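# Residue-level structure breakdown
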Amino acid sequence: MAAPKESVVHGSTARPQDLPSVDQLLRGDASRALLAEHGHTLVVTEARALLDALRRDAVAGRLPVTGVQPDAIAAALTARVQQRLAPRMRAVLNLTGTVIHTNLGRALLADAALQRLLAVMTSPNNLEYDLATGSRGDRDSLVEELLCTITGAEAATVVNNNAAAVLLTIAALARDREVIVSRGELVEIGGAFRMPDVMASAGARMVEVGTTNRTHPADYERAINERTALVMKVHTSNYAVQGFTAAVDEATLAGIAHARGVPLATDLGSGSLVDLAHYGLPREPLPQEMLAAGCDVVTFSGDKLLGGPQAGLIVGSKEAVGRIRKFPMKRALRMSKLPLAALEATLSLYLRPERLAQDLPTLRLLTRPAEAIQAMAVALLPAVRDAVSPRFDVEVVPLLGQIGSGSLPVERLPSAGLAIAPAGTSKKGIGTALDALATALRALPLPVIGRIADDRLLLDLRCLEDSTPFLAQLGLLRARLH
Ligand SMILES: *Cc1c(COP(=O)(O)O)cnc(C)c1O
């Protein structure tokens, strides 16, 4: 069998001289349409690259004659141009069960924030211009009042992200001096952000007190001296120390620090601005509670539970926030107008708390009832079964999701979804079959990201508010799995 097959392939192989020149290729109808749409630079670059690649294949004897037909080359050029222009950052369907997924872009922007971006990004705006006086304004003032109203703070400032907020706070308040922190709170969050390293980067000397599981008021009291510039609390947002534990709460610690004239800063990480318990969700500490307990500075993220754009929010006393705002590093860490506009619009939603669970996508997704998710799973089951059978079996299953982004790491969100398992596969083949399925789902025009657990691919439907785009792709999935 091998010999005749090879001779057939060899006989239909194109030679390099069968290829058109760049000029000839560009004179074809398809190329002319591409040139009219995209201009000379891109189309010529791609035409050269295409012909180079085809020539290499021809020299190697692996270019079939069908590959040099004008229509085939024109189609290949169109595909290359389209691929070059295709966005690398794309929308995906997050069916992982983790609502605020750091790898998938964290919080979704509210409609109001998107509208605001469109309204103020396509024209000049008053980013740093005081419309009342016609003089230079301060970009912080666009959100400071809102942040103070919502959190009860005296003053507020914002930077690029919460890591920057923590770095800036420590640098501005404690450079060349000592910062006291509990050994139980030396957190590492993803992406190489470790509290001891942040302190070093900020030029402060970290003084650890207590132990991993227990820290007492006396530990802080003993450590405060004339070199102390700041006492720092870090919310252990992405892990839980359980069992024989003790930590000093903010109110007690504020009393200890203030008695010695030292400010207290708390990094909340996520920092929900509303009490999630009202929505039947596990509770996260609120910035407003931290301020009421006596913290001088509270830092938290814009794109975690707050549900806005990437941002680092710093709220606190006039004195402390004033020093932070004036610190030169602030200029390097300041927010750009794009997230700032989205942040202002997102914060405005908090002025209407009764509507928040509808208006803010993060809260809307977190509060979606498990029964509604389950009903959607039941409705989708036949279509998904049809797309993946006979290679896979599908069933509706209850699932446990997560809030994500390090928030409430041990709490689980009751949810539901579809579990897809390889049908009639040996134990050995299961992993390969699931990988192939996960790859096919990720290769869809709107990539579907699930999770693999217990020999099944799980699609948690909590974040699928509208199933239409998911259903629309099932035909393609079916074709690719067959
Ligand atoms: C997430 C987090 C940060 C960093 O916030 P970003 O907005 O991601 O920069 C800092 N501290 C804690 C405790 C966090 O959970």
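As the structure is a prediction and not an experimental result, all values here were calculated from the model.

Conventions adopted
Residues numbered from 1 in each chain as written. Predicted model: local features only at pLDDT ≥ 70, side-chain atom pairs only at ≥ 80, totals over all residues. Heavy atoms only, no water. Pairing = 2+ DSSP bridges. Helix = DSSP H or I, 4+ residues; strand = E, 2+ residues; numbered from the N terminus. Axes fitted to C-alpha atoms, helices over the stretch in contact; angles between N-to-C directions. Contact = heavy atoms within 4.5 Å. Core = buried A, V, L, I, M, F, W, Y, C linked by side-chain atoms within 4.5 Å. Buried < 20%, exposed > 50% of the residue type's maximum accessible area, 1.4 Å probe, protein only. Domains from an automatic or database assignment. Near = heavy atom within 4 Å. Polar contact = N/O pair within 3.5 Å; in protein donor to acceptor, adjacent residues only side chain to side chain. Areas by Shrake-Rupley, 256 points an atom, 1.4 Å probe, with all protein chains shown as cover. Nonpolar A, V, L, I, M, F, W, Y, C, P; charged D, E, K, R; others polar.

What follows covers the sheet that holds strand β10 (residues 228-234). An order of β5-β13-β12-β11-β10-β6-β9 is seen for the seven strands of this open sheet, with the pairing classed as mixed. Of all strands in the sheet, those with a lone pairing partner are β5 (155-159) and β9 (205-209), marking the two edges. Mean inter-strand twist for the sheet, computed between neighbouring axes without regard to direction, equals 25 degrees. Pairing of β5 with strand β13 (residues 312-316), which is carried by five bridges, proceeds in the antiparallel orientation. Bridged to Val159 within β13 is Gly312. Helix α7 (residues 141-151) contacts β5, β12 (297-301) and β13 of the sheet and is inclined by roughly 120 degrees relative to β5. Contacts from helix α11 (residues 250-259) reach β10 and β11 (264-269) within the one sheet, and its direction differs from that of β11 by about 150 degrees.

With that settled, the discussion passes to the nonpolar core. Counting residues in hydrophobic clusters, the biggest one holds 56 residues, and the most contacted among them are Leu147, Val231, Phe300, Leu343 and Leu347. Tallying contributions element by element places α7 first for this core, with five residues. Counting the residues that make up this core, at least three belong to each of domain 2 (93-101 + 366-481) and domain 3 (111-359).

Turning our eyes to something else, we now look at unusual backbone geometry. Going from Ser389 to Pro390, the amide bond is cis rather than trans, its omega being 5 degrees. Turning to its location among the elements, Pro390 is positioned in the loop between α18 (370-388) and β14 (392-404). Even without a glycine there, the phi angle at Arg106 is positive, about 55 degrees. Within the secondary structure, Arg106 sits in the loop between β2 (98-100) and α6 (111-121). Located in the positive-phi region is Asp454, a residue other than glycine, with phi close to 50 degrees. Within the fold, Asp454 resides in the loop between β17 (451-453) and β18 (456-460). Residue class for Asp454 comes out exposed when judged on its relative accessible area of 66%.

What follows is about the site of the ligand. Taken together, Arg106, Asn161, Asn162, Ala163, Ile189, Phe193, His235, Ser237, Asp267, Gly269, Ser301 and Lys304 are the residues near the ligand. Within the contact set of the ligand, an oxygen atom lies 3.0 Å away from a backbone nitrogen or oxygen of Asn162. At a separation of 2.3 Å, an oxygen atom of the ligand approaches a polar side-chain atom of Ser301. A total of 380 Å² of accessible area belongs to the ligand in isolation, and the protein chains cover 94% of it. Secondary structure elements with two or more residues in the shell around the ligand: α8 (162-174) and β11. Grouping the amino acids of the shell around the ligand by side-chain chemistry returns three nonpolar, six polar and three charged.

We now examine the side chain of Thr13. Mapped onto the elements of the fold, Thr13 is located in the loop between α1 (2-11) and α2 (22-27). Thr13 sits in the buried class, given a relative accessible area of 16%. Contacts of Thr13, omitting those with residues within four sequence positions, involve Gly61, Arg62, Leu63, Pro64 and Val65.

Looking at the secondary structure, you find Thr362 in helix α17 (residues 361-366). Given a relative accessible area of 3%, Thr362 falls into the buried group. In this structure Thr362 touches Val99, Ile100, Ala107, Leu108, Lys304, Leu305 and Gly307, once residues within four positions along its chain are discounted.

In space, the five strands of this open sheet follow the order β2-β14-β15-β18-β17, with mixed pairing throughout. The outermost strands of the open sheet, each flanked by one partner alone, are β2 and β17. Pairs of neighbouring strands in the sheet enclose a mean axial angle of 40 degrees, with direction left out of account. Of the pairings in the sheet, the one linking β17 to β18 comprises three bridges and is antiparallel in character. Counterpart to Ala453 in the pairing with β18 is Arg456. On top of the sheet, α18 reaches β14 and β15 (413-422); it is set at about 10 degrees to β15, its chief contact. Against the sheet, helix α19 (residues 427-442) contacts β14, β15, β17 and β18, and its axis sits at roughly 35 degrees relative to β18.

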